[in-house]
Amino acid sequence: MSHKTIIPQPRVLDIAPYVQGKSAATGGNRVTKLSANENPHGPSPLARAAYIEAAGALEVYPNSSHAELRAAIAKVHCINPERVICGAGSDEIISFLCNTYAGIGDEVLYSQYGFAMYPISALAAGATPVQAPETERHTDVDALLTACTDRTKLVFIANPNNPTGTMISEAEIARLAEGLPPQALLVLDGAYAEFVEGFNGHAALVEARDNVVMTRTFSKIYGLGGARIGWGYGPEHVIDALNRVRGPFNVSATALAAAEVAVQDAAYTEKCRVENAKWRGWLRDELATIGLPSDESFANFIVPHFESAEAAAAADTYLQTKGLVVRALTGYGLPAHLRITIGDEIACRAVAATLADFMKGARA
Ligand SMILES: Cc1ncc(COP(=O)(O)O)c(C=O)c1O
């Protein structure tokens, strides 16, 4: 694939491309995608209507300041709109952060089972990704603090984390923020924050400190993954720097319109949170009774543990034959686990029944 004379920066070729969760299965009549932590109920109907209405004026550039969406986010989360930045998914905010704060010779620290985009964005910026070990699939603050050097510029933590679903306490996160070297910025990725009742993604910590940023997304509980919209909240000095890197029209008018309505449809979001918690608990219990335990998950997926990597791979294949597409975690270093998005009731019951058959000896 390489060209003789036109050559990317060497670091770019070190990037292992992001592998998207599968969306097709090998068999079964109906494919149920449980591999990308999407909302099985879709977005708020009001947000969908706003998206369609905005599509009536596609010739018009979006508002570059995102003022309306920032105001809506700020109202709902009781935060300062001047310190909010919007991006094409929180992936783009992660990329802004790496491009702004980390370059050649700098280190970007994240935990062992951290989200794949942290090392990808770090490498794209020229920086060196560094992993700190986790303890039993939980973020380990002491390990992160030990891994810090005078070259650490960014520390990424998702809480709850993907792909483990586990969460650590606000006190632990605060201890991490307090213990970081002075040149390091802590990024708290709250992609799954809305699934935790009463949790605002550590917004208070962002308020209280000048070395903490929070990222959030509309792709998960808000069901707008296809629209590509996310946001960040941080100290003034950080938001100012990120806005210098941001392209003026980085977010589409349709995505802005849908997100503005989605964030304010609190009743719909709450309904989705309650449904997710109900079926997450149900599925976790069902799988535990058939010999597939999982850590307590605070997100919209669970991660059952199989007796071996081979068993997990065979279960993945068997689920596919029934039209159930889940996420293998070999690339994350968890080959004996599968990540299963909490779908609707029909999907959860189908996963439980199919894995029960599998555990009784059924194979593809
Ligand atoms: C932990 C975490 N952060 C960020 C993202 C990126 O989400 P998006 O770019 O769709 O906002 C994801 C998506 O899966 C995620 O799991």
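About the cut-offs
- Sequence order as written defines residue numbering, which begins from 1 separately in each chain.
- Totals for whole chains, interfaces and linings use all residues, but because this is a predicted model, local features are given only for residues with pLDDT of at least 70 and pairs of side-chain atoms are given and counted only at 80 or more.
- Neither water nor hydrogens contribute to the side-chain values; these are computed over all heavy atoms in the structure.
- For each residue, the accessible area found with a 1.4 Å probe, counting protein chains only, is set against the maximum for its type, and the residue is called buried under 20%, exposed over 50%, and partly exposed in between.
- Labels follow the DSSP assignment, with helices taken as runs of H or I lasting at least four residues and strands as runs of E lasting at least two, numbered in each case from the N terminus.
- Pairing between strands requires that DSSP locate at least two bridges from one strand to the other.
- Where a domain begins and ends is set by an automatic assignment or by a domain database.
- Simply put, the buried area is the total loss of 1.4 Å probe accessible area from both parts when two parts are fitted together.
- The rule for a salt bridge is simple: a side-chain nitrogen of Lys or Arg has to be within 4 Å of a carboxyl oxygen of Asp or Glu.
- Pairs of N or O atoms within 3.5 Å make up the polar contacts considered here, provided that, within protein, one atom can donate a hydrogen while the other can accept it, and that residues adjacent in sequence are counted only when both atoms are side-chain atoms.
- Orientation is described by axes fitted as lines to C-alpha atoms, over the contacting stretch for helices, and by angles from 0 to 180 degrees between their N-to-C directions.
- Whether two residues touch is decided by their heavy atoms; if any such pair falls within 4.5 Å, the residues are in contact.

Topic: the pairing of strand 6 (residues 185-189)
Each regular strand carries side chains that alternate between the two faces of the sheet. Of all the five residues making up strand 6, five are buried; the element is thus mostly covered by neighbouring parts of the structure. Both faces of strand 6 are covered, namely the face carrying L185, V187 and D189 and the face carrying L186 and L188. Pairing analysis gives five bridges linking strand 5 (residues 152-158) to strand 6, with the strands arranged parallel. Within the sheet, the bridge partner assigned to V155 lies in strand 6 and is L186.

Observations concerning the domain arrangement of the protein
For interface size, the figure often reported is the accessible area lost on association. When its domains are assigned, the protein resolves into domain 1 (10-36 + 267-359) and domain 2 (45-265). Taken over C-alpha atoms, the centre of domain 1 sits 24 Å from the centre of domain 2. Of the roughly 2500 Å² buried between domain 1 and domain 2, counting both surfaces, carbon and sulfur atoms make up 62%. Interface area lost by domain 1 to domain 2 is led by R273, F298 and Y332, which between them contribute 25%. For the pair domain 1 and domain 2, the interface holds two salt bridges. With its nearest N and O atoms 2.6 Å apart, the salt bridge here joins R137 to D295. Put simply, domain 1 and domain 2 have eight residue pairs in polar contact (both at pLDDT 80 or more) between them. Of all the elements, helix 11 (residues 266-289) adds the most residues to the side of domain 1 that touches domain 2, at seven residues.

As for the sheet that holds strand 3 (residues 107-111)
In space, the seven strands of this open sheet follow the order 2-8-7-6-5-3-4, with mixed pairing throughout. A strand with exactly one partner marks an edge of an open sheet, and here the two such strands are strand 2 (84-87) and strand 4 (128-132). Between one strand axis and the next, the sheet turns by 25 degrees as a mean value, whatever way the strands run. Bridge count between strand 2 and strand 8 (residues 230-233): four bridges; the pairing is antiparallel. Each residue of the ladder has a partner; that of I85, found in strand 8, is G232. Where helix 3 (residues 67-77) meets the sheet, its contacts fall on strand 2, strand 7 (212-217) and strand 8, and the angle it forms with strand 2 comes to roughly 125 degrees. Contacts from helix 7 (residues 170-179) reach strand 5, strand 6 and strand 7, with the element oriented near 155 degrees to strand 6.

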